[in-house]
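Listed below, chain by chain, are the residues.
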Amino acid sequence: MRFAMRLAAVMTATGAISFLLPVTHSYWIPLNAFLLLQPSCEDSSYRMKTRPIGTLIGCVVEFLIHPLLPGLPGQLGFALVMISLMYCATPGTWYHPIFSTGYALTLASMTMDGTTAITLRLVYLGAAVAIVFLINRFFFPIRRDALFRYNIKALFRLHNSYWEFIRRGLAGDTDLSVSCEILTCFHMTYEDCMGYLTQHPALPHRSDLQTVLLTLWHMFSELEQMHYLVRTQSVQPDEAGTLLEMIDAIEEELYPIIDGRNIPALRRALHYREHGVTYVLTRYLRHAESLLQYKACIPF
């Protein structure tokens, strides 16, 4: 929500400037600002350093190469090479903007003076950097470590969301697009958490947190299997009430307190006629119980 508010503020400010500014290619301001803004202030600050470097190098390359291009076919060929390299480069690196700048300036130079296009590119980038910096500093700022803690909480909440989805599946058919959306959200958040731990090798309890994330990943895969078993009616009608009671207990145990006192009792009470249901739930509860030894390092 904080990132969405910052994004809305940045796009509103830069979009208004682009609309009101009577200068050509002013849309470069909101475009650059959108690329500079990231969920955490540290990531935005990193891009505010790398993008100007790449843009400046791209401007120099364009200034030197453009006069040598043989007419319109040469310009189109150079633009094609630049945009191809841009899509092959890693976004956020210092060299990625070199290719996007070369592509944009080559096209802009077809309708305006090349020097003017280079000047506007640099001025617009400077304006975007200034706006993003001010909004990051004073409007709902969020640091990378705080975002990591929020993401860990989100992973646990997504488990409960999936259990609620399975609960609805016991009463009727479920929409697979909703399941896909929950899965996508989980895996994107999981990758972001793993990326943070990879970038911070000196973080306290780093190895334990990696184990927690991997355990949550295994548990979520078991939730996918459980959803499949429910959709294929592997849970008999007379067993639905027992599973609903277990879902209530699991949701209460898992988040927000991670209290495993009742998990062994839940595991002993697993008696389903379909062996697959018992197996998946047993694996899930064992993984949930294993989280207890890492409770001290889980940041909530």
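For the structure itself, look to the data block above.
Residues numbered from 1 in each chain as written. Predicted model: local features only at pLDDT ≥ 70, side-chain atom pairs only at ≥ 80, totals over all residues. Heavy atoms only, no water.

Asker: How should I be thinking about the nonpolar core in this particular structure?
Answerer: The tendency in soluble globular proteins is for nonpolar side chains to be buried as a group. The biggest cluster of nonpolar side chains holds 48 residues, and the ones touching the most others in it are Trp163, Met226 and Leu281. Elements with a contribution of two residues or more to this core: α7 (144-171), α8 (176-199), α9 (206-231), α10 (240-254), α11 (263-268) and α12 (275-290). A total of 10 residues in this core trace back to one element, the largest contributor, which is α9. When neighbours within four sequence positions are excluded, Met226 is seen to be in contact with Trp163, Ile166, Val235, Leu243, Val277, Val280 and Leu281. (Core = buried A, V, L, I, M, F, W, Y, C linked by side-chain atoms within 4.5 Å. Buried < 20%, exposed > 50% of the residue type's maximum accessible area, 1.4 Å probe, protein only. Helix = DSSP H or I, 4+ residues; strand = E, 2+ residues; numbered from the N terminus. Contact = heavy atoms within 4.5 Å.)

Asker: Could you clarify how one ought to interpret α10 in this entry?
Answerer: In an α-helix, one turn spans 3.6 residues, which is why side chains three or four residues apart end up on the same side. Between its first and last C-alpha atoms α10 spans 21 Å; for 15 residues at 1.5 Å apiece the expected length is 21 Å, and the two agree. Here α10 has its buried residues at Ala240, Leu243, Met246, Ile247, Ala249, Ile250, Glu251, Glu253 and Leu254. (Expected span 1.5 Å × (residues − 1).)

Asker: Would you mind going over the packing of α7 against α8 with me for this structure?
Answerer: Any two packed helices are characterised by how steeply their axes cross, that is the angle between the axes, and by the distance between the axes. One can describe the packing of α7 onto α8 by two numbers: an axis separation of 9 Å at closest approach and a directional angle of 155 degrees. When the axes of α7 and α8 are compared, the pair comes out roughly antiparallel. Considering only the axes of α7 and α8, their crossing is left-handed. Broken down by class, the residue content of the contact of α7 with α8 amounts to 17 nonpolar, 6 polar and 4 charged. (Axes fitted to C-alpha atoms, helices over the stretch in contact; angles between N-to-C directions. Parallel < 35°, antiparallel > 145°, perpendicular 65-115°, else oblique. Left-handed = near helix turned anticlockwise from the far one by under 90°. Nonpolar A, V, L, I, M, F, W, Y, C, P; charged D, E, K, R; others polar.)

Asker: Would you mind showing me how to read unusual backbone geometry here?
Answerer: Excluding glycine, a negative phi dihedral is what most residues carry, and trans is how most peptide bonds are arranged. Unlike most non-glycine residues, Phe140 shows phi in positive territory, near 50 degrees. Structurally, Phe140 can be placed in the loop between α6 (114-138) and α7. The phi torsion at Gln233 lies on the positive side, around 60 degrees, for a residue other than glycine. As for its position among the elements, Gln233 is in the loop between α9 and α10. Judged by relative accessible area, Gln233 falls into the exposed class, the value being 64%.

Asker: Would you take a moment to explain the side chain of Ser40 for this structure?
Answerer: Relative to the assigned elements, Ser40 resides in the loop between α2 (28-36) and α3 (41-65). The class for Ser40 is buried, based on a relative accessible area of 0%. Beyond its immediate stretch of four places on either side in the chain, Ser40 contacts Arg6, Ile142, Arg143, Arg144 and Leu147.

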